[in-house]
Every structure is written in structure tokens, then in C-alpha cells.
Amino acid sequence: MKVLIIEDETAASENLIAMLQEIDPGIEVLKVLESVQQTVRWLSSNPAPDLIFMDIHLSDGSAFTLFQEMEVTVPIVFTTAYDQYALDAFSVNSVDYLLKPIKMSELVRALDKFKRWTRSDVMEYLQRMLKMKPAGGTERTSSFLVPVKDRLVPVALDEVACIYSTDRKTQIYLKSGQMMLYNRSLDSIIVGLDPSRFFRANKQYIVARDCVKEIIVWFDNRLLLKMPIELPEPLFVSKNKASEFKNWMTSPEGN
């Protein structure tokens, strides 16, 4: 059996791996991932595992946002310290739900339950997953709390022109031209933003729709976006996103 573990606590993931190997040395852990965005990228570029063990609280937000980003066609066992999420977990048809600290007997039960599934059981599960809509809708960010010296300054999304990131830091650029340092990655930020208002232009930029003043078609089919403020470097929409961006800009709601 090949399993994927999605867990942002090292001690928890190591403990789960040790328990799985004790139960069945033939279980292969393909990868341990720590965030929703890491999971999206991994599942998009690797063969699917047989089973996923997924914590609900991850480094970039709730695991349930994964189902808003992509179709997940792998059975899931949820793990968490918070039993308040049980109903949400079962609403996405998990194989089982394990409370931390995970007990060996409960892990054995979850694995046995999965192993007893017939092919028709798996197919029925996957059909439900494909139709799944997260309960309660998408949790969207309404503002940022930006640290400034010894204070936290609330910044409304209506004030944001774009968000720029390098390997070292993330910078929020406001429509006023002001720049503010922020301590989160673009991968974690984009999950909570309204996709009708904000677009991930490339690895370095998230752009607000109402701040795009001009679009220039570049020689290599990239799009150069002109903004009303000065930026640290030109804002290009990458070639592979150019068509999606143009559809986003011209649709009534940006969808």
C-alpha cells in the first residue's frame, strides 16, 4: 500500500510513519507534505497514492481548502486534535477520522476498514468525492494584519494593489504606493483571496484586478501589466497563464 501523509508537525508525521511500519512493513510512505499548496503541486505531478492521511490544520490553512483547489480522487483518513471538525471531515466522505494523539488500535481499525473496501466501494467513494462541495463555503481573507515594529496594522484588501514575493521576503503594495512587509508566502496568501479579485500572475506576484491599467503583449507571449504604482520589477503574467488571465480580466465577475 502506498500512502501520502499531509502533516505540518514533524513529531506527528514521524510517529504516524513509525506506527504504520509497525502495523505493516509493506506500507510505503511516498511523501510527507506540510501545506495545502504543496499537496496541490504534488498530486498534480505524481501518480496517486492508495490512501492519504491528512491533518486538518496545515501550515497554510484548513485542509478543506484543498477540495476547492482541485479534484481529489484518493480515499482520505483525517487526523486532528480537534473533534469539532468531525462532521466536516465526514461531509467529504473520509474513510475514517482519527483524533490525536493517534492510538494504535484506531489506526489499525482505519487501515482494516480501507482494506475491506471492494472496488465498487472505492468507485462509489470517488464519485462522491468528485461531486463534493465544502460545507460552509470558502473562507476568504477580508484583511491582512501586517506587523509594523511592535504593532499589528490591519490592511483592507480594497487597499491592496499587488503582493510581491522573493525567496527572502513578501511585500504588500498598496494603491497609495506604500509598501509593507508581510511574513507569509504567496502560496499561503492566495488560498484565502477572492479569485474574482486577485490573480496569481507568476511565482512572484499576486495582482488585484482593479489595479491593472494596461496590458502589453510581450514578444514571447507573456503579458506585461501596467500598474498605477511603482513596483520593484516588471509585473509579467507568465506565458502559460496568459490565456487564463485574459479570460479572468474580461469575464463579468473575474471568474
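Residues numbered from 1 in each chain as written. Predicted model: local features only at pLDDT ≥ 70, side-chain atom pairs only at ≥ 80, totals over all residues. Heavy atoms only, no water.

### A short note on the overall build of the chain
Right, so step 1: Helix and strand counts for the chain stand at 8 helices and 17 strands.
Right, so step 2: By the burial criterion, 43% of the 255 residues in the chain qualify as buried.
Right, so step 3: For the chain, the share of sequence-separated contacts (at least 6 apart) that also reach a separation of at least 24 residues comes to 55%. (Helix = DSSP H or I, 4+ residues; strand = E, 2+ residues; numbered from the N terminus. Buried < 20%, exposed > 50% of the residue type's maximum accessible area, 1.4 Å probe, protein only. Contact = heavy atoms within 4.5 Å.)

### What about the sheet that holds strand β15 (residues 214-217)?
Pairing between the strands of a sheet is mediated by backbone hydrogen bonds and can be parallel or antiparallel.
Right, so step 1: Taken together, the 3 strands give an open sheet; going across it, the order is β15-β16-β17, and neighbouring strands pair in antiparallel fashion. The open sheet has two edge strands with one neighbour each: β15 and β17 (235-237). Taking the axes of each pair of neighbouring strands and ignoring which way they run, one obtains an average angle of 35° across the sheet. (Pairing = 2+ DSSP bridges. Axes fitted to C-alpha atoms, helices over the stretch in contact; angles between N-to-C directions.)

### Side note on the environment of T79
Right, so step 1: Within the fold, T79 resides in strand β6 (residues 76-80).
Right, so step 2: Judged by relative accessible area, T79 falls into the buried class, the value being 3%.
Right, so step 3: Along the chain, T79 and I6 lie 73 residues apart, while their C-alpha atoms are 9.4 Å from each other.
Right, so step 4: Those residues within four positions of T79 in sequence are excluded, and the remaining contacts are E7, F53, M54, D55, I56, L98, K100 and I102.

### Comments concerning the confidence of the model for the chain
Right, so step 1: Of all residues in the chain, 87% have pLDDT values of 70 or greater, and the mean over the chain is 84.
Right, so step 2: Counting interchain partners and residues more than four positions distant, the pLDDT-below-50 stretch residues 132-138 has 10 contacts. (pLDDT = per-residue confidence, 0-100.)

### Observations concerning the environment of G177
Right, so step 1: Along the chain, G177 turns up in the loop between β11 (170-174) and β12 (179-182).
Right, so step 2: Taking the relative accessible area as the measure of exposure, G177 reaches 35% and is therefore partly exposed.
Right, so step 3: The spatial distance from the C-alpha of G177 to the C-alpha of I229 is 5.4 Å, given a sequence separation of 52 residues.

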